[in-house]
Amino acid sequence: MIQRRRDLSRVHRMVVKIGSSLLADAQTGVRQARVERFANEIAALHAEGMEIVVVSSGAVALGCVHLGWVGRTLSVHEKQAAAAIGQPLLMHAWKEAFAGHGIGVAQMLLTRDDLRNRRRYLNASNTSETLFSAGVIPIVNENDTVVVREIKFGDNDNLGALAALLIDADLLAILTDVEALFDADPSVNTDARRLDLVEEVTPEIMDMAGEAGSDFGTGGMVSKLRAARIATRGGVVAAVISGHE
Ligand code: GLU
């Protein structure tokens, strides 16, 4: 069980999933200082020999900021176009942030279908293994320009879980803008109790997750718990962590 930072020494492979609202600001675009802070922490783990995949959301949000579309209701095609614009901005931010540590990054755009198809799954797996051997950090996102359902429900949490299974990770860390999982909504219920450890994602646990997301985040706690369920069933420990800490 991984409960403290020092327990990370037992983790050899990890997927870090970072939500859009942590990486993109509705006015200014990339939150570069924050990207750099994440890169610093990831680089420190990388230096200890951990192999890490970053699943980074933010393409649609950054594209919207670039186009002046924030706050608009977008069609699927507009979201796909926004993602096409935002994805290179996102990659640029990660590339710059890791360059300071002498670490290269690689872009891997995947869809759920890719990971369901055995041949493509093996190709993605071989690519990530080769990138690890090269000491490069794969930055994964959904291939948003070709998907419809996923972009609609904004589910990089799910992609994070699938990536964790793909690379046979020990840990899936989902960084988000909420503090933790509570047994009720803490913003309306002062008795809400924080759950620090969940042994199994049962239907009762799923019921505790509210639906609300933030401006840019589309998944909410429900999709995090679904991702945790997929990961843990595949033997991967999952952690939902505040990206502000
Ligand atoms: N792939 C989408 C993006 O980069 C995000 C999906 C999500 O928020 O889960 O904008």
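Model, not experiment: these values are computed from the prediction. (Residues numbered from 1 in each chain as written. Predicted model: local features only at pLDDT ≥ 70, side-chain atom pairs only at ≥ 80, totals over all residues. Heavy atoms only, no water.)

Observations regarding the overall build of the protein
Stage number 1. Along the protein, the regular secondary structure elements total 10 helices and 10 strands.
Stage number 2. On C-alpha atoms alone, the protein measures out to a radius of gyration of 17 Å, which is about the 18 Å that the 2.2 N^0.38 rule sets for 245 residues.
Stage number 3. Along the first, second and third principal axes, the C-alpha set of the protein runs to 45 × 45 × 35 Å.
Stage number 4. In the protein, which comprises 245 residues, the share counted as buried stands at 49%.
Stage number 5. A sequence separation of at least 24 residues applies to 74% of the contacts in the protein between residues at least 6 apart.
Stage number 6. Separation between the mean location of the 25 positive side-chain charges and that of the 31 negative ones in the protein comes to 4 Å. (Helix = DSSP H or I, 4+ residues; strand = E, 2+ residues; numbered from the N terminus. Rg over C-alpha atoms; globule rule 2.2 N^0.38 Å. Buried < 20%, exposed > 50% of the residue type's maximum accessible area, 1.4 Å probe, protein only. Contact = heavy atoms within 4.5 Å. Lys, Arg positive; Asp, Glu negative; His and termini not counted. Charge placed at Lys NZ, Arg CZ, Asp CG, Glu CD.)

Looking at the nonpolar core
Stage number 1. In this structure, M14, I18, V54, W94 and F98 are the most contacted members of the largest nonpolar core, which totals 33 residues.
Stage number 2. Looking at this core, the elements with two or more residues in it are strand 1 (13–18), helix 1 (20–23), helix 2 (32–47), strand 4 (51–56), helix 3 (59–67), helix 4 (76–99), strand 6 (137–142) and strand 7 (171–176).
Stage number 3. Sort the elements by how many residues they give to this core and helix 4 lands first, with 7 residues.
Stage number 4. If we ignore the near neighbours within four places in the chain, the residues touching W94 are I18, L23, V35, F38, A39, V54, S56, V105 and I139.
Stage number 5. Judged by nonpolar contacts, the second largest core, of 25 residues, contains V55, L110, V136 and L172. (Core = buried A, V, L, I, M, F, W, Y, C linked by side-chain atoms within 4.5 Å.)

Quick word on empty space enclosed by the protein
Over the atoms, a rolled probe matching the size of one water molecule traces out where space is still vacant.
Stage number 1. Under the counting rule described, the total for this entry stands at 1 cavity of 30 Å³ or more.
Stage number 2. In this model, the largest cavity occupies a volume close to 30 Å³.
Stage number 3. Lining the largest cavity are V53, M108, S128, V140, A163, L166 and I167.
Stage number 4. Residues that form the lining of the largest cavity fall into these classes: 6 nonpolar, 1 polar and no charged. (1 Å grid on protein atoms, 1.4 Å probe; cavity = no way out; pocket = protein on both sides within 12 Å on 5 of 7 lines; lining within 4 Å. Points joined across faces, edges and corners; volume = space filled by probe spheres on them. Nonpolar A, V, L, I, M, F, W, Y, C, P; charged D, E, K, R; others polar.)

Overview of the packing of helix 3 against helix 4
Stage number 1. Relative orientation of the contacting elements helix 3 and helix 4 amounts to 100°, with a least axis distance of 6 Å. Regarding the angle of helix 3 to helix 4, the classification is roughly perpendicular. Taking contact as the criterion, the partners of A59, V60, L62, G63, C64, H66 and L67 in helix 3 are, on helix 4, K79, A82, A83, I85, G86, Q87, L89 and L90. (Axes fitted to C-alpha atoms, helices over the stretch in contact; angles between N-to-C directions. Parallel < 35°, antiparallel > 145°, perpendicular 65-115°, else oblique.)

Topic: the pattern of salt bridges
Stage number 1. In the structure shown here, the tally under the stated rule is 12 salt bridges.
Stage number 2. Here R193 and D183 are joined by a salt bridge, their closest N and O atoms 3.5 Å apart. On the criterion of sequence distance, the pair formed by R193 in the loop between strand 8 (181–182) and strand 9 (194–195) and D183 in the loop between strand 8 and strand 9 is long-range, its members being 10 residues apart.
Stage number 3. Under the relative-accessibility criterion, D183 is labelled partly exposed at 27%.
Stage number 4. Each of R13, E51 and E129 takes part in a single network of salt bridges with overlapping partners. (Salt bridge = Lys/Arg side-chain N within 4 Å of Asp/Glu carboxyl O.)

A closer look at helix 4
Stage number 1. Across its 24 residues, helix 4 extends 34 Å between first and last C-alpha, which sits within 8% of the 34 Å expected from 1.5 Å per residue.
Stage number 2. Within helix 4, the axis deviates most sharply at G86, by approximately 30°, and proline P88 lies no more than four positions further along.
Stage number 3. Buried within helix 4 are the following residues: Q80, A82, A83, G86, Q87, L90, M91, A93, W94, A97 and F98. (Expected span 1.5 Å × (residues − 1). Bend = angle between axes of the 7 residues up to and from the residue.)

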